[in-house]
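A structural walkthrough
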Amino acid sequence: MTTLDVSISPAKPKRTAASPFYVLRRLANKEKLDKVFVERLTEPLHLNLLSVLVSLFGTYRMKVAFDLIVRQQYAFPILYAADAARRHGYRQVTLVELGVASGAGLLNMCRIAERTTAATGIEFRIVGFDGGKGMPEAVDHRDLPEHFQLGDFPMMDFAGLKRALPSNAELILGDVAETAPAFAQTLTREAPLGFVAVDVDYYSAAKAAMPILLGAAENYLPIVPVYLDDIGVDGSNPWNGELLAVSEFNAENALRKIAPFTLLRSRRIFKNTQWIDRMFAAHIHDHPYRSPAHKRATKWVIGNEYLK
Ligand SMILES: C[S@@+](CC[C@H](N)C(=O)[O-])C[C@H]1O[C@@H](n2cnc3c(N)ncnc32)[C@H](O)[C@@H]1O
C-alpha cells in the first residue's frame, strides 16, 4: 500500500471571497463568462440587484443564500452540515474532498469552513484524498475515457499545497480504493462526517471511494450532502461515471442511500445554477436519530384556524 498520511503545517487558508478582481478574472474567461450569462443573467433583475447589496453589506449566511461565495457547491453543504451539527449537539464536523489535484478546491473548502465556523461556531476537520500523480488509467468505457485520461490533473506543487493548508486540514495520498474505506473506520462521533465532495471523475474511482459512507452510523450526520462534480459532462449518464457508482451503492446497501438533495431547487433563490443538479445527499438510515426509538422532546401539534 502506497498510502502516505501527510500532516499539514498550520497556515492561513487563501481568501476565496468574490473580490472585484476575482470577478473580473472570471469574466475574462469565455467559459466562465458564458456561465455567468446563462446562470445569473437569466435570473430576475430585482434578485440580481439585491445581490449587489448583499455582496456589499450582507452576512455570510445571506451571501450563501444569494450564491455569492466562490465554490457555492461547497458553501451550501458546509453551512447545511454546520446547522445540522448544531441541531444535533455536535461541535465539530468532518468534511471530505475526494480528488484534490493541485488543491484549489481543497483550499476553497478550508476558507469556506473558516467562514462557516465564524457564522455558526461549528469547527471543522477537513480531509483531502488524492493519488498525487494525476488520473490513473481508465478501466473501461464507464470511466468516460473520452473525457478523462491517464495523467490528467496532477498535483502540481505538493509542498506549496501543504504550506497553504490550515492546521485543521489533512491530505491523504494514495489510491482512494485503499484510503477511503480505511478512513471511514477512523471517523468518530466527536467529528461526524458531514459533507463529501466527489471529484475523482472516474466511475471506478468513485465506486472504490464509496465505502467512505459505510462506517458506523453514529459517526455521520444523519443526512450527508454529497456533491457529484462530474455528472454534467456530455456523455455522462446513469450507466457510467459517478451516477453509476451511486446507483450501485444504493443497490448494495439497504440502509445507506444516496439521492438527489430533496427539493433543493425550490429552496434556492437562484434556480439556474448547475451545482443544484449535482448536489445529492447520503441518507444514513441506520443513524440513531432516524430510528423509531429516537423521540423528540416535544410533540408536533397542527392547529386548526377554522375551529372557533
Ligand atoms: C478533477 S481532479 C480534482 C480537482 C479538485 N477537486 C479541484 O477542484 O481543484 C481529479 C483528481 O482525482 C484524482 N483521482 C482519480 N482517481 C483516483 C484514485 N483512484 N485514487 C486517488 N485519487 C484519484 C486525480 O489524482 C485527480 O487529481
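Because the structure is predicted, anything quoted here is derived from the model rather than measured. (Residues numbered from 1 in each chain as written. Predicted model: local features only at pLDDT ≥ 70, side-chain atom pairs only at ≥ 80, totals over all residues. Heavy atoms only, no water.)

Digging into the confidence of the model for the chain
With 92% of its residues at a pLDDT of 70 or more, the chain shows a mean pLDDT of 92. Scored below 50 in pLDDT, residues 1–16 shows 51 contacts in the model against residues more than four places distant or in partner chains. (pLDDT = per-residue confidence, 0-100. Contact = heavy atoms within 4.5 Å.)

A short note on the environment of G160
Its place among the elements puts G160 in helix α7 (residues 158–164). When the C-alpha atoms of G160 and G103 are compared, they prove to be 9.6 Å apart, with 57 residues separating the residues in sequence. (Helix = DSSP H or I, 4+ residues; strand = E, 2+ residues; numbered from the N terminus.)

A closer look at the domain arrangement of the chain
How big an interface is tends to be stated in terms of accessible area lost as the parts join. Domain annotation of the chain identifies domain 1 (4–15 + 70–290) and domain 2 (18–68). Taken residue by residue, the interface counts 19 residues in domain 1 and 19 residues in domain 2. Its largest share of buried area at the contact with domain 2, domain 1 owes to V70, I269 and F270, together 39% of the area lost on that side. Between the two partners, domain 1 and domain 2, sit two salt bridges. Between R268 and D67 there is a salt bridge whose closest N-O contact spans 2.7 Å. Taken together, the connections running from domain 1 to domain 2 amount to eleven residue pairs in polar contact (both at pLDDT 80 or more). Of all the secondary-structure elements, those providing two or more residues to the side of domain 1 that touches domain 2 are α5 (72–88) and α6 (104–120). For the side of domain 1 that touches domain 2, the per-class residue count stands at nine nonpolar, six polar and four charged. (Domains from an automatic or database assignment. Buried area = accessible area lost by both parts, 1.4 Å probe. Salt bridge = Lys/Arg side-chain N within 4 Å of Asp/Glu carboxyl O. Polar contact = N/O pair within 3.5 Å; in protein donor to acceptor, adjacent residues only side chain to side chain. Nonpolar A, V, L, I, M, F, W, Y, C, P; charged D, E, K, R; others polar.)

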